[in-house]
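Residues per chain are reported as follows:
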Amino acid sequence: MNPLFRLFRNKIYTAISLLSLIILIGVAGFKSMANYSWVDSIYMTVITITTVGFKEVHPLDDNGKIFTILLILASVVILGYAIAVITEYILSKNNFEELKQRKMQKKIDGFKNHIIICGYGRNGKQAAKKLLAYKKPFVVIEKNKVTIDKFQSEMVPFVFGNANEDEVLFQAGIDRASTLISALPNDADNLFVVLSARQINGKMSIISRASQETSYQKLKLAGANNVILPDRIGGDHMASLVVVPDLIEFIDNLSIVGETNINIEEIAVDKLYKSSEIKTIRDLDLRKKTGCTVIGFKDDQGDYIVNPEADLKLVPNSKVIVLGRPEQIQKLNSLYDIT
C-alpha cells in the first residue's frame, strides 16, 4: 500500500474513533446527569454534536448545561477534524492518480519498437503474459477503468481510452511501435483499429483477433499482417487431441514460456555471426556448442524451410528456429549474448 494512503487511513481511523468516543461520552453523560432514557440520551447527543439547535427533551440543571457546552465544543473540534481528513483524502487521491498517470505516460513516451495491445480481455491478457515472459516492452490500451485499476503495474502499463481514437493510439506510441495486437471482442472495432494503425504506421506489424470467419479477409485487406481466429484454433486443437493426442501434447510442451523453461527459440542470423563471409548451419555447429538443434529456417524473403540441410547458407536478415532443453536454450543465449 502506498505510504500516503496508509497515513490517510490512520487519520480516518482516528477520526472515527474520536467520533465514536464523543458519542459514547454524550450518551453516558445525559443518561447519568439528566436521568434521560437511553433513546432520549442518544437523541440529545446527536442533536448536540450536529448542532441542529432543537430544544432539549427535558430542562437541564446547571451541571447538565455545563456538560452540554463542553460536549458541543469537543464535537465541533472533532467534526472539523473528521471533515478536514476526508476532504484532504479526496483531494490527495485525485492528485495521486494524476501523478501516477503522468509517471506512467512518461514511461510509455520512452518506449521504442514496443508492442501495443488493444483490449485486455482473455486474449489480451494471454498476449501480455507471453510478452512479459519474453521481456518484451508493451503497453495496453483499455477503456474499462475498473480493469486498469485492477491490473495496472510497473510491468503492465496502461493507456486509458478507446483504441478507435487516433489520440489514444498516439498516447500509446503507435508512431514508434513495432507491432500492434488488436484483441478487442468486436470485429468491427478491430477493423477500425487496424485501418487507423496502418494509416499512421505503415511499417509496423499488425496482428488482429477475429470472431467471425467472414471478417478474416476484411482485416487482411485493412492492413493486418496476421488474423487470428481463436474459436477455430481452439476447435482444431481439441480435435487434434483426439486424432493425434501424443503429438499435440508434445507440441504444447514446446510452447511453454517462462524465464527458465523455454524449449524453442527464434534467433536472427545476424546475432549468431558478424563475419562478412556467409556461413552455413554446419559452420555454426550449434548442436556441438550448445546442444540445440536447428529445426527451421526463415530466409530474407519470409519463406520457411523445415529441417534445413547442414550446408544451407545463413544469409543476412534471415532467422533460424532452434529446439532444445531449457538449459541448452540458456547456453545458446549466453554464448551469443542474446537477450
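Residues numbered from 1 in each chain as written. Predicted model: local features only at pLDDT ≥ 70, side-chain atom pairs only at ≥ 80, totals over all residues. Heavy atoms only, no water.

K.L.:
Sorry if this is basic, but what is going on with the overall build of the chain here?
P.N.:
Per the secondary structure count, the chain includes 13 helices and 10 strands. Expected size for 339 residues packed as a compact globule is a radius of gyration near 20 Å; at 33 Å, the chain overshoots this value by more than 25%. Looking at the chain as a whole, 35% of its 339 residues are labelled buried. Within the chain, counting contacts between residues at least 6 apart in sequence, those at least 24 apart form 58% of the total. With an accessible surface of roughly 20,800 Å², the chain has 58% of that area assigned to carbon and sulfur atoms. Averaging the locations of the 41 positively and 37 negatively charged side chains of the chain gives two centres separated by 4 Å. (Helix = DSSP H or I, 4+ residues; strand = E, 2+ residues; numbered from the N terminus. Rg over C-alpha atoms; globule rule 2.2 N^0.38 Å. Buried < 20%, exposed > 50% of the residue type's maximum accessible area, 1.4 Å probe, protein only. Contact = heavy atoms within 4.5 Å. Areas by Shrake-Rupley, 256 points an atom, 1.4 Å probe, with all protein chains shown as cover. Lys, Arg positive; Asp, Glu negative; His and termini not counted. Charge placed at Lys NZ, Arg CZ, Asp CG, Glu CD.)

K.L.:
What is the right way to look at the nonpolar core in this model?
P.N.:
Nonpolar side chains tend to gather and get buried jointly when the protein is soluble and globular. If you look at the biggest cluster of nonpolar residues, it comprises 26 residues, and the most contacted ones within it are I116, C118, I141 and L180. Of all elements in the fold, only α3 (62–109), β1 (115–118), β2 (138–142), α6 (166–171), α7 (187–200) and α8 (215–222) reach the threshold of two or more residues within this core. Among the elements that take part in this core, α7 stands out by supplying 3 residues, more than any other. I141 has contacts with I116, I117, C118, G119, V159, G161, N162, A163, V168, L169 and A172, leaving out every residue within four places of it along the chain. Grouped together as the second largest cluster of nonpolar side chains are 18 residues, I262, L272, L286 and L314 included. (Core = buried A, V, L, I, M, F, W, Y, C linked by side-chain atoms within 4.5 Å.)

K.L.:
Would you take a moment to explain the layout of surface pockets for this structure?
P.N.:
To locate leftover empty space, one rolls a probe as large as a water molecule over the atoms. Approximately 350 Å³ is the volume found for the second largest pocket. For the second largest pocket, the lining is made up of 19 residues, of which G119, G121, A183, L184 and P185 are closest to its centre. Of all elements in the fold, only α4 (122–133) and β2 reach the threshold of two or more residues within the lining of the second largest pocket. Its residues assigned to classes, the lining of the second largest pocket shows 6 nonpolar, 8 polar and 5 charged. (1 Å grid on protein atoms, 1.4 Å probe; cavity = no way out; pocket = protein on both sides within 12 Å on 5 of 7 lines; lining within 4 Å. Points joined across faces, edges and corners; volume = space filled by probe spheres on them. Nonpolar A, V, L, I, M, F, W, Y, C, P; charged D, E, K, R; others polar.)

K.L.:
Before we go on, may I ask you to explain the packing of helix α9 (residues 230–243) against helix α10 (residues 245–254) in this structure?
P.N.:
Any two packed helices are characterised by how steeply their axes cross, that is the angle between the axes, and by the distance between the axes. Contact geometry of α9 with α10 gives a least axis separation of 5 Å together with a crossing angle of 125 degrees. Considering their axes alone, α9 and α10 lie oblique with respect to each other. Contacts between α9 and α10 involve H237, S240, L241, V242 and V243 on the former and, on the latter, P245, I248, E249 and D252. The residue makeup of the contact of α9 with α10, split by class, is 5 nonpolar, 2 polar and 2 charged. (Axes fitted to C-alpha atoms, helices over the stretch in contact; angles between N-to-C directions. Parallel < 35°, antiparallel > 145°, perpendicular 65-115°, else oblique.)

K.L.:
Hey, could you run me through the sheet that holds strand β9 (residues 304–306) in this one?
P.N.:
Within a sheet, neighbouring strands are paired by backbone hydrogen bonds and run either parallel or antiparallel to one another. Ordered by their spatial adjacency, 4 strands build an open sheet running β7-β10-β8-β9, and the pairing between neighbours is antiparallel. Either end of the sheet is taken by a strand with one partner, and the two such strands are β7 (264–268) and β9. The average undirected angle you get between the axes of adjacent strands in this sheet is 25 degrees. Sheet topology note: the strand β8 (residues 293–298)/β9 ladder contains 3 bridges and is antiparallel. Along β9, the bridge assignment pairs G296 with V306. (Pairing = 2+ DSSP bridges.)

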